[in-house]
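Each chain, letter by letter, is given below.
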Amino acid sequence: MERLLKSWVEVGSGSRNLPGLEKMLSMLCEAFTVLEAKMEIVPLQPQELLQPDGSLVSIPLGRALSVSKRPNAPLRVLLSIHYDTVYDADHPFRTWEILGENTMRGPGAADAKGGLLVLLKSLEALEQTPWAANLGWEVILGPDEEVGSSGSAPLLVKASARNHLGLIFEPSRSDGTLVSARKGSGVYSLLARGKAAHAGRNPHEGRNAIDAVAYFIVELHNLLEQRRGVVLNVAHVQGGGPANVVPDLTFCRFNVRTETPEDRQRVDSDIVLAAETIGRERGVSMELHRDSQRPPKVLDGRTVKLMDLMTGCGKELGMPMQWGSSGGASDGNILAAAGLPTLDSLGVRGGNLHSSEEYVMLDSLVERAKLTSLFLMKLASGEIRWPPGVD
């Protein structure tokens, strides 16, 4: 597993690096052939993104990989994780390094190429058992999770309707804590169009787009700070030019995270209201674009039951299981919102994600593969009954 992980980590598969994604996809196709399952490469719709110049651009995405076996089995499991990373083609963090006896640093080592390995090896183990014929499974590996999963989301939603439960292989925390609930994440772009004018001769005839965006940001903070558990991050502001010209175009991109579907709807309404109000007061047009939206992953009774069942598997293996909520979103948010009870963060133990210090705990490769393998074997053998109450 370590050798295979090293080879995957050396492939730069940033979300926008299409040649790197294609190379990684080819390696995944080769690795998953051992499962002797139906395999399909699925093109994704481009992502529509508002640009600082006001244009709406279609950004091409990589291709997803779908692998499935026994789709007509009475019990079916959806397993999913992404193979893209946050590291662009020109990022200096490009290869792996062994640190001590149990740690490997590398781009995507934990998030989520280690999880890809755990998923693959868990299914390999299941397929070698006499109970495998009782369990159908479907794998979806996406190339765009780190940029919001806009292309993969339709595949995940459709797959949710065909399966009875979902497993997501995002990394757990370094201490092994798994994710129970996740906040939802919405990424928005805002374009303010004002009117240029001479800053000294006739500034009153201009409409300052930078001022308008500044007022919008302050208003948004004032509105959202009233909502418990809501996090606002203004990540990018661009606009303006010479100091003697009233700027007529300003761009802003921001991220909002919410804990409940109700909060998500209220916050979206707050954002729309703030844009309309500030635009009217400052005399500028405000164009709001929703770049990506992932609903909150909230706990329900079925998910709690799944957590209890997985905790029992961990206990048998001598792995005490702890669960905790997370502010980060994943494709598990999409599955849960589609109505599929889903366990998240079944991948490796690791840390420093999205940085040049990202690492994986190497012993967790086998540890987590054992955990998911046991869970799948219990489902297939009937030792675990699902849905709850089924005889």
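My aim in this report is to walk through the structure given alongside it, one point at a time.

What counts, and where the lines are drawn
- Residues numbered from 1 in each chain as written.
- Predicted model: local features only at pLDDT ≥ 70, side-chain atom pairs only at ≥ 80, totals over all residues.
- Heavy atoms only, no water.
- Helix = DSSP H or I, 4+ residues; strand = E, 2+ residues; numbered from the N terminus.
- Rg over C-alpha atoms; globule rule 2.2 N^0.38 Å.
- Buried < 20%, exposed > 50% of the residue type's maximum accessible area, 1.4 Å probe, protein only.
- Contact = heavy atoms within 4.5 Å.
- Arc of directions from axis to C-beta.
- Pairing = 2+ DSSP bridges.
- Axes fitted to C-alpha atoms, helices over the stretch in contact; angles between N-to-C directions.
- Salt bridge = Lys/Arg side-chain N within 4 Å of Asp/Glu carboxyl O.
- Core = buried A, V, L, I, M, F, W, Y, C linked by side-chain atoms within 4.5 Å.
- Phe/Tyr/Trp six-rings, centres within 6.5 Å; stacked < 30°, edge-to-face > 60°.
- Left-handed = near helix turned anticlockwise from the far one by under 90°.
- Nonpolar A, V, L, I, M, F, W, Y, C, P; charged D, E, K, R; others polar.

### A short note on the overall build of the protein
- Each helix and strand in the protein was counted, giving 9 helices and 18 strands.
- Taken over C-alpha atoms, the radius of gyration comes to 23 Å for the protein, in line with the 21 Å a tight globule of 391 residues would show.
- Each principal axis of the C-alpha distribution contributes one length, and for the protein these read about 85 × 45 × 40 Å.
- For the protein, with 391 residues in total, the buried portion stands at 53%.
- In the protein, of all internal contacts separated by at least 6 residues, the share reaching a separation of at least 24 is 79%.

### Quick word on helix α4 (residues 153–162)
- Every buried residue belonging to α4 is among A153, L156, A159 and S160, and all of these are buried. Projected down its long axis, α4 shows its buried positions confined to an angular sector of 125 degrees, all on one face. Relative to its buried face, α4 has exposed residues pointing more than 90 degrees away, namely K158 and A161.

### Points about the sheet that holds strand β13 (residues 249–258)
- Spatially, β12-β13-β11-β14 is the arrangement adopted by the 4 strands of the open sheet, whose pairing is antiparallel. Strand pairing shows two members of the sheet lacking a second neighbour, β12 (231–239) and β14 (285–294), which therefore form its edges. Strand-to-strand twist of the sheet, defined as the mean angle between neighbouring strand axes without regard to direction, takes the value 15 degrees.
- When strand β11 (residues 184–193) meets β13, the two strands line up antiparallel, connected through 10 bridges. Looking at the pairing, S189 lines up with R253 of β13.
- Where helix α5 (residues 209–224) meets the sheet, its contacts fall on β11, β12, β13 and β14, and the angle it forms with β13 comes to roughly 15 degrees.
- Across the sheet, helix α6 (residues 261–282) lies against β11, β13 and β14, angled at about 165 degrees from β14, the strand it touches most.

### Quick word on the pattern of salt bridges
- All told, the structure shown has 20 salt bridges when counted by the stated rule.
- In this structure, the salt-bridge partner of D263 is R266, at a minimum N-O distance of 3.4 Å. Placement of both D263 and R266 in helix α6 is noted, with a separation of 3 residues, approximately one turn of the helix.
- Members of the salt-bridge network, linked through shared partners, are R349, D363, E367 and R368.

### Topic: the nonpolar core
- Core analysis: the largest hydrophobic core is formed by 60 residues, its most contacted members being F32, L79, L141, L167, F375 and L379.
- Not counting residues within four places of it along the chain, the set of residues in contact with F375 comprises L165, L167, L306, L309, M310, C313 and I384.
- If you look at the next biggest cluster of nonpolar residues, it comprises 23 residues, including Y188, A192, C252 and I271.

### Some remarks on the packing of aromatic side chains
- One pass over the full model with this rule turns up 3 aromatic pairs.
- Note on Y87 and F93: the rings are 5.3 Å apart at their centroids and 75 degrees apart in plane angle, and the pair reads as edge-to-face.
- Residue Y87 is classed as buried on the basis of its relative accessible area of 4%.
- Judged by its relative accessible area of 11%, F93 falls in the buried class.

### Quick look at the packing of α5 against α6
- Across the interface, α5 lies against α6 with an axial gap of 9 Å and an inter-helix angle of 145 degrees. Our pair here, α5 against α6, has a crossing hand that is right-handed. Residues D211, A212, Y215, F216, E219, L220, L223 and L224 of α5 touch α6, and the partners they reach there are V267, D270, I271, A274, A275, I278 and R282.
- Of the residues in the contact of α5 with α6, the class split is 11 nonpolar, no polar and 4 charged.

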